[in-house]
Amino acid sequence: MSNLTAVVLVVAVVAGGGLLARRRFPALFWLLAGLPVAWVRLHLTYAATMEVCGLTVTPSRARAFLTRAVARREVRPVAPRIVRVRPSATGLRVRLRLPAGLEPADVAAASVRLRHAWGVHAVHVAEVRPGVVELRMTGYDVLRRVRMPRRGLPTDALVVPVALREDGTAFVRDYRAIPHALTLGANQSGKSMYLRNLITALAGRPVALVGIDCKRGVEQRRFGPRLSALATTPDEASGLLAALVAVMEERFDLLSEHGASDLWDLPEEARPTPVVVLVDEVAELFLVAAKKDEARRDEMVTSLVRLAQMARAVGIYLEICGQRFGSDLGKGATLLRAQLTGRVVHRVNDKQTAEMGLNDIAPEAIPVATTIAPDRPGLAVAGDASGAWSRIRTVEIAPDAAAAVCRSFAHLTPDLPALAAWRPAAPAVPDADERPSLVKPAPVTD
């Protein structure tokens, strides 16, 4: 074998190994090869890239005069100044201070051009504070194989990580900022998986969980050890929602007694436990099979709307899930949806369903939601009333694993006397070695 042949063979083996590593182990490939290359490319081409991408401004007259008179240099357009470059397991974080005349929207508009210029998978722009933005570059598709970050996760009881954003950060449900949310998605789109992640994240927090699953409890009954109440039929749901409204009114009386306007203004010893109400397949609460059921339907819808309008102040929060949610469900649906300011839309069967979830908060995200592939369960578009949105994906967690988490935290289940009639039957208490403090779910792969 000649030297040339040996060299070609070695190069071919290295290139093939690199391609295989990039496909099978993208995080490792990024740390060993992608990150050093991107770092060097960023620093060598930064000024030229900013200029060709239109992210420079004309310097002020004073600065131009000083440049000519003192520094005796040619006056050049001013680019954002790099404040900090921080590598991560998924990409690069570059913090920039914007010059006068440039705004975050200008940088966001150039994100695709920056991505190609620096050879990374994607560039996302986040405003840190006025005049400062952060370029969150990802070296590979982090949503293809979901691994939740281990650092920087919230510790607040009502701020729970649920999924991974496409920029490599955790997507969290912040109940204080966004008290009520709506989750939409077709069958097998990952909607139930999202709910499982939410329940397992909340199970270890000091909150009460209330389930409404009118499919005879096929999804939520397994979480019974951690539920303070569970309704599995429309009749049970009607009574449970009425009881929740009564709890809300009692808590408003408590706020009035203490001269407080919010649950969190109360002294800790007098503060009731926050309640998260998880409604699966909300359409079952709206649809009726006979005219005699219409009164019950109207009562349930009225209770839901009242809770959505007022319950935030007393620490009662709604998580509404369904395949569709619009005016075609009947009276009260549109009014209720307007109060659900958090939105998560998985793969849907038609554009109209995506519009139901996103048209009033982020219409530009509708095409993204309608193009989610069926072979990517758990992938969704998440947004809120601020207009901000991003693609997210939940970690795959099996029903048995989620149930094990609920059993392990059963001792944290608050006893709410007003909801005692709907408390699930307590199962046998597992042995100590069957009480995992946390179940680490397997990553989602395509």
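Preceding this section is the structure that the text describes.
What counts as what
- Residues numbered from 1 in each chain as written.
- Predicted model: local features only at pLDDT ≥ 70, side-chain atom pairs only at ≥ 80, totals over all residues.
- Heavy atoms only, no water.
- Helix = DSSP H or I, 4+ residues; strand = E, 2+ residues; numbered from the N terminus.
- Buried < 20%, exposed > 50% of the residue type's maximum accessible area, 1.4 Å probe, protein only.
- Contact = heavy atoms within 4.5 Å.
- Areas by Shrake-Rupley, 256 points an atom, 1.4 Å probe, with all protein chains shown as cover.
- Pairing = 2+ DSSP bridges.
- Axes fitted to C-alpha atoms, helices over the stretch in contact; angles between N-to-C directions.
- Expected span 1.5 Å × (residues − 1).
- Bend = angle between axes of the 7 residues up to and from the residue.
- Polar contact = N/O pair within 3.5 Å; in protein donor to acceptor, adjacent residues only side chain to side chain.
- Salt bridge = Lys/Arg side-chain N within 4 Å of Asp/Glu carboxyl O.

### So, the overall build of the protein
Looking only at helices and strands, the protein has 13 helices and 14 strands in total. Looking at the protein as a whole, 49% of its 446 residues qualify as buried. Relative to all contacts within the protein whose residues are 6 or more apart in sequence, the contacts with residues 24 or more apart total 65%. When the accessible surface of the protein is totalled, it reaches about 21900 Å², and 54% of it is carbon and sulfur.

### Examining the sheet that holds strand S9 (residues 227–231)
An order of S6-S5-S14-S13-S12-S7-S11-S10-S8-S9 is seen for the 10 strands of this open sheet, with the pairing classed as mixed. Across the chains shown, the open sheet's two edge strands, defined by having one partner strand only, are strand S6 (170–174) and S9. Taking the axes of each pair of neighbouring strands and ignoring which way they run, one obtains an average angle of 25° across the sheet. Here strand S8 (residues 208–213) runs beside S9; their pairing, made up of four bridges, is parallel. Across the sheet, residue leucine 209 finds its bridge partner in S9, namely leucine 227. On top of the sheet, helix H6 (residues 191–203) reaches strand S5 (159–165), S6, strand S7 (181–184), S8, strand S10 (275–280), strand S11 (316–322), strand S12 (342–346) and strand S14 (389–394); it is set at about 145° to S5, its chief contact.

### Some remarks on the side chain of serine 303
Following the sequence through the fold, serine 303 ends up in helix H9 (residues 294–310). When its relative accessible area of 10% is taken as the criterion, serine 303 is described as buried. Look past the residues within four positions of serine 303 in its chain and what remains in contact with it is Leu241, Ala242 and Val245.

### Observations concerning the pairing of S5
When you tally the buried positions in S5, you get six out of seven residues, the bulk of the element. Judged from the five bridges that link them, S5 and S6 form a sheet pairing that is antiparallel. Looking at the pairing, valine 160 lines up with arginine 173 of S6. Sheet analysis places S5 next to S14, joined by three bridges and oriented antiparallel. Bridging across to S14, leucine 164 finds its partner in arginine 393.

### A short note on helix H2 (residues 26–52)
When the terminal C-alpha atoms of H2 are compared, their 30 Å separation across 27 residues is substantially less than the 39 Å that a helix rising 1.5 Å per residue should span. The axis of H2 is deflected most strongly, by about 65°, at threonine 45. Listed as buried for H2 are Pro26, Trp30, Gly34, Leu35, Ala38, Leu42, Tyr46, Thr49 and Met50. Phi turns positive, to about 75°, at glycine 54, one or two residues after H2.

### Re the environment of glutamate 134
As for its position among the elements, glutamate 134 is in strand S4 (residues 132–138). Among the residues examined, glutamate 134 registers a relative accessible area of 5% and is labelled buried. Once the C-alpha coordinates of glutamate 134 and valine 83 are considered, the two residues, 51 residues apart in sequence, prove to be 9.5 Å apart. Once you skip the residues sitting within four places of it in the chain, glutamate 134 turns out to touch Arg84, Arg86, Arg93, Val94, Arg95, His124, Val125, Ala126 and Val128. Polar side-chain contacts of glutamate 134 include one of 3.3 Å to the side chain of arginine 95.

### Notes on the sheet that holds S4
The strand order across the open sheet built from four strands is S1-S2-S4-S3, with neighbouring strands paired in antiparallel fashion. The open sheet has two edge strands with one neighbour each: strand S1 (81–87) and strand S3 (122–129). Taken pair by pair, the neighbouring strands of this sheet meet at an average axis angle of 20°, ignoring direction. H2 contacts S1, strand S2 (91–97) and S4 of the sheet and is inclined by roughly 25° relative to S2. Relative to the sheet, helix H5 (residues 111–118) contacts S3 and S4, its axis offset from that of S3 by approximately 125°.

### Some remarks on the pattern of salt bridges
Once the charged atoms of two side chains with opposite charge are near each other, the side chains can pair. Summed over the entire model, instances satisfying the criterion amount to 18 salt bridges. Among the ionic contacts, a cluster of salt bridges with common partners joins Arg95, Glu134, Arg136 and Asp167.

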